[in-house]
Structure formats: structure tokens, C-alpha cells
Amino acid sequence: MHIILANPRGFCAGVNMAIQSLEKALAAFGTPLYVYHEIVHNRPVVEKFRSLGVVFVDHISEVPSGATVLYSAHGVSPEIRQVSKERNLRAIDATCPLVTKVHLEAIRFAKDGYTILLIGHAGHDEVIGTMGEAPQAIVLVEDLDYVETLAFADDVKLAFLTQTTLSVDEAGVIIRALKAKFPHIVGPAKDDICYATQNRQEAVRDLAKDARVVLVLGSQNSSNSLRLRELGEVFGKSAYLIDSVEDIRPDWFSADDTVLVTAGASAPEEKVQEVVGWLKTTYDATVEEKVVREEHVNFPLPRELRSLQVI
Ligand code: SF4
């Protein structure tokens, strides 16, 4: 067996920042410590923090008055910030700056009287947060079929935005359809898909051709990880999304396979190495790391945490 290890893979700058924020908040404030939604969409990461006493909540009303709460990397709507204030919570905002950028674009377009077509997945934490910035001005566009059904008067000003973790190819198709149907629509230069999502998809696009099997480390609710698995399938590969080595089924492989291993932006490198180690032990696999693009992106901790001294 031969393993092609995709690079870049795994943690992005936003996930690194969110996890470091939670670690620092835990060291500084101890428990009880609350996180609104999963800090990042990864089961092993969430389970690790849960074992340390962190409480993850789906409703801000579950956080006791006066307690400390972190907002996850996916961001929150203004309504959540307002409720936090009313409940006198100490809020620490670990929203990824690239998600905040989309929020700010939504606010600006709404203020300028645009109807915003947000390309994204219904129910995703990021989409809920972005739509909350201007609920009366945003229409969610989930797929190409929905574009067909859209109708606006000629004098309606239209703008598009996208979720940060979409398939680059699928979002491109939808954006082209929107531009064809509404030639006056405006938007960002290309889309809002973040650098990490684009780079991990680019690596799979470049490397999958040499593999028969694609293994993606990531959780089932991780949008960017799901897109990597789908991309493997687009190239006709057997592609699997797994949280850890325990999810592997030996009947996925033959002893002489070439396996592309990658990881979504919220999947820890430790889990990647466990999978590589298992394949090496079980199939005597050789490993070749292929760098498709270098990444040098870092985000600062939230300002609520920057000046805190932790021993
Ligand atoms: S995947 Fe992109 S938008 Fe999401 S946290 Fe990472 S860098 Fe930020």
C-alpha cells in the first residue's frame, strides 16, 4: 500500500484560534465554562473539551446568568449577542475573522438597500449567524434548482454572498447562474469561500487522480470535510469521511491500494497520524507527503483574552 498525505490538510487558522481561545479561557476562568454550539465541528475535539468540564449548549438560555460563554468559530447572530448582554454573560468571541468578514458584507449590503442572496446550507451554524445580521434582507440559496425559482422586480438591487466552507465548483456554478439570470447582481470579487476550504479542495483535486481510495478525517457535521469526501467521489474514488481510526473498515482496502489521506479544517493532526500509523502497521504502507500549497495564516486570539496572563 502507498499513502499520499495531502498538504495542506487539517486545522485552519480559524480553528486554531478558536481552540486556543477555549484552552486559554479554561486555564484563566476554570469551569463552569460554556460554549455556544460546538467550538468547531469536530467530535474528538468537542469530546476532549467536554471531558475537561466544558459545557456545550444549543440555546443561549441554557447558560446561567453571569457565566462565561465562548462563541464558536462559526459566529453568532446579533440576537445572541443581545441576549448574552441581557443575561450579563461574560462573552468571548472566537468567531473566525473570515466569517466576520461575511457578516460585515451582509450588514453593508443590507444598509445600502440590497436584497442578499446567500449561497449556503440551511441550518448550518454559520448561515444562521450570517442571516441573523439582516434577516429581512437575506434569501438563502441552497442549490441551482432554487435559482430557477427566484424572481425579482427589475428595480430590486441584488447582491450575493456565500458560506465560507462550500464546494468551490458548486458555488461557482450557482454564482454563474445568478449572474446570468440577474446581470446587475453584485458581490465579492469571486466568492467568500475561505482560503483553507479552497486549499484543501485544491489538494484533493490535484492528488486524488493517483489514488483509488480517499480517506478524509473530519466529522459528519463538518461542511468543509463533507465537501472533501464529495470531491473524492466526483473523481470516481471510494471516499470515506471518518472521525478517527476506529471508524475504518478493513474491507475498504486492498493490500496494493494507493490511499489519499487528508483532513477537514477542524480535524486534529493527531487523528490523521493515528490513521497513517494503522495503515502502515496493517498494510506495510509507505508514506509520501505532497505539498500542493503552503499556508502561513494566523489569527490573533479574541481581544477579551489577549491581555489575560495565564500561569
Ligand atoms: S474553515 Fe475557513 S472560515 Fe472556517 S474557521 Fe477555518 S479559516 Fe475560518
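In what follows, the structure referred to is the one given above.
Residues numbered from 1 in each chain as written. Predicted model: local features only at pLDDT ≥ 70, side-chain atom pairs only at ≥ 80, totals over all residues. Heavy atoms only, no water.

Student: Even after reading the chapter, I still don't get the overall build of the chain, so can you show me in this structure?
Tutor: Each helix and strand in the chain was counted, giving 11 helices and 12 strands. The C-alpha atoms of the chain give 21 Å as radius of gyration, which agrees with the globular expectation for 311 residues (19 Å, within 12%). Expressed along its principal axes, the backbone C-alpha trace of the chain runs to roughly 60 × 55 × 30 Å. Looking at the 311 residues of the chain, the share that counts as buried comes to 53%. In the chain, 31 side chains carry a positive charge and 43 a negative one; their mean positions are 5 Å apart. (Helix = DSSP H or I, 4+ residues; strand = E, 2+ residues; numbered from the N terminus. Rg over C-alpha atoms; globule rule 2.2 N^0.38 Å. Buried < 20%, exposed > 50% of the residue type's maximum accessible area, 1.4 Å probe, protein only. Lys, Arg positive; Asp, Glu negative; His and termini not counted. Charge placed at Lys NZ, Arg CZ, Asp CG, Glu CD.)

Student: Quick question: what am I supposed to make of the pattern of salt bridges here?
Tutor: Pairing is possible between side chains of opposite charge, provided their charged atoms come close. For the structure on display, the rule yields 18 salt bridges. One salt bridge connects Arg200 with Glu295, and the closest N-O pair in it is separated by 2.8 Å. Taken as a pair, Arg200 in helix 8 (residues 195-207) and Glu295 in the loop between strand 12 (286-291) and helix 11 (303-306) lie far apart in primary sequence, 95 residues in all. According to the relative accessible area criterion, Glu295 is partly exposed, its value standing at 24%. (Salt bridge = Lys/Arg side-chain N within 4 Å of Asp/Glu carboxyl O.)

Student: Looking at this model, I keep getting lost on empty space enclosed by the protein. Mind explaining?
Tutor: Space left empty within the atom packing is revealed by a probe, the size of a water molecule, rolled over the atoms. Going through the model one piece at a time under the given rule, you end up with 1 cavity of 30 Å³ or more. Each pocket or cavity is described by its volume, and for the largest cavity that value is around 280 Å³. Lining the largest cavity are 23 residues, and of these Cys12, Val15, His74, Thr164 and Thr165 lie nearest its centre. Breaking the lining of the largest cavity down by element, the ones donating at least two residues are helix 1 (13-29), helix 4 (97-111), helix 8 and helix 9 (223-234). Taken together, the residues of the lining of the largest cavity break down into 11 nonpolar, 11 polar and 1 charged. (1 Å grid on protein atoms, 1.4 Å probe; cavity = no way out; pocket = protein on both sides within 12 Å on 5 of 7 lines; lining within 4 Å. Points joined across faces, edges and corners; volume = space filled by probe spheres on them. Nonpolar A, V, L, I, M, F, W, Y, C, P; charged D, E, K, R; others polar.)

Student: Hey, could you run me through the sheet that holds strand 6 (residues 115-119) in this one?
Tutor: In a beta sheet, neighbouring strands are held together by backbone hydrogen bonds and run either parallel or antiparallel to one another. Pairing in this open sheet of 3 strands is parallel, and the strands run 7-6-8 from one edge to the other. Because the sheet does not close on itself, it has two edges, and the strands there are strand 7 (138-141) and strand 8 (158-162). The average angle at which neighbouring strand axes cross in this sheet is 25°, direction not considered. Sheet topology places strand 6 next to strand 7; 4 bridges connect them, and they run parallel. Residue pairing for strand 7: Leu118 is matched across the bridge by Leu140. Most of the contacts of helix 4 go to strand 8, to which it runs at about 170°, and overall it touches strand 6, strand 7 and strand 8. (Pairing = 2+ DSSP bridges. Axes fitted to C-alpha atoms, helices over the stretch in contact; angles between N-to-C directions. Contact = heavy atoms within 4.5 Å.)

Student: Looking at this model, I keep getting lost on the sheet that holds strand 3 (residues 54-57). Mind explaining?
Tutor: Pairing within the open sheet is parallel, and its 4 strands lie in the order 3-2-4-5. A strand with exactly one partner marks an edge of an open sheet, and here the two such strands are strand 3 and strand 5 (90-93). Strand after strand, the sheet turns through a mean of 25° between neighbouring axes, direction not considered. Sheet topology note: the strand 4 (residues 68-71)/strand 5 ladder contains 4 bridges and is parallel. When the sheet's bridge partners are listed, Thr68 is paired in strand 5 with Arg90. Running at roughly 170° to strand 4, helix 3 (residues 78-86) makes contact with strand 2 (33-36), strand 4 and strand 5 of the sheet.

Student: Is there a simple way to think about a negative patch on the surface in this case?
Tutor: There is a patch of like negative charges on the surface, built from Glu142, Asp143, Asp145 and Glu148. Structurally, Glu142 is set in the loop between strand 7 and helix 6 (144-149). (Patch = residues over 30% accessible without salt bridge, like charges linked within 9 Å, V, L, I, M, F, W, Y side chains within 5 Å. Areas by Shrake-Rupley, 256 points an atom, 1.4 Å probe, with all protein chains shown as cover.)

Student: Would you mind going over the packing of helix 8 against helix 9 with me for this structure?
Tutor: Two measures define how a pair of helices packs: the angle their axes make with one another and the distance between the axes. Where helix 8 contacts helix 9, the axes come no closer than 10 Å and their chain directions differ by 20°. Taken together, helix 8 and helix 9 sit at an angle that is classed as roughly parallel. Here helix 8 runs over helix 9; the crossing is right-handed. Together, Thr197, Arg200, Gln201, Val204 and Arg205 of helix 8 and Asn224, Arg227, Leu228, Leu231 and Gly232 of helix 9 make up the contact between the two elements. Tallied by class, the residues present in the contact of helix 8 with helix 9 amount to 3 nonpolar, 4 polar and 3 charged. (Parallel < 35°, antiparallel > 145°, perpendicular 65-115°, else oblique. Left-handed = near helix turned anticlockwise from the far one by under 90°.)

Student: Could you clarify how one ought to interpret the pairing of strand 1 (residues 2-7) in this entry?
Tutor: The two faces of the sheet receive side chains in turn, since in a regular strand these alternate between them. The pairing of strand 1 with strand 11 (residues 258-263) spans 4 bridges and is classified as parallel. In the strand pairing of strand 11, His2 is matched with Thr258. Alignment of strand 1 against strand 12, held across 6 bridges, turns out to be parallel. Bridge assignment links Ile3 to a residue of strand 12, and that residue is Val287.

Student: Explain the site of the ligand here, please?
Tutor: The ligand sits among Cys12, Gly14, Cys96, Leu98, Val99, Thr164, Thr165, Cys194, Tyr195 and Ala265. Put simply, the ligand lies in the largest cavity. Each residue belonging to the shell around the ligand can be placed in one class, and the counts come to 7 nonpolar, 3 polar and no charged. (Near = heavy atom within 4 Å. Sits in = over half its atoms within 2 Å of the grid points.)

Student: Please clarify how the layout of surface pockets should be interpreted in this entry.
Tutor: What the largest pocket holds in volume is close to 520 Å³. As for the largest pocket, its lining consists of 23 residues, and the residues nearest its centre are Arg81, Asp93, Pro302, Arg303 and Glu304. The dominant element in the lining of the largest pocket, judged by the number of residues it contributes, is helix 3, at 4 residues. Here the lining of the largest pocket is composed, by residue class, of 11 nonpolar, 5 polar and 7 charged. Space inside the second largest pocket adds up to approximately 170 Å³. In this structure, the second largest pocket is lined by Phe11, Ile19, Glu23, Pro44, Val45, Lys48, Phe49, Pro268, Glu270 and Lys271. Listing elements by their share of the lining of the second largest pocket, those giving two or more residues are helix 1, helix 2 (43-51) and helix 10 (269-283). It is helix 2 that provides the largest number of residues to the lining of the second largest pocket, a total of 4 residues.

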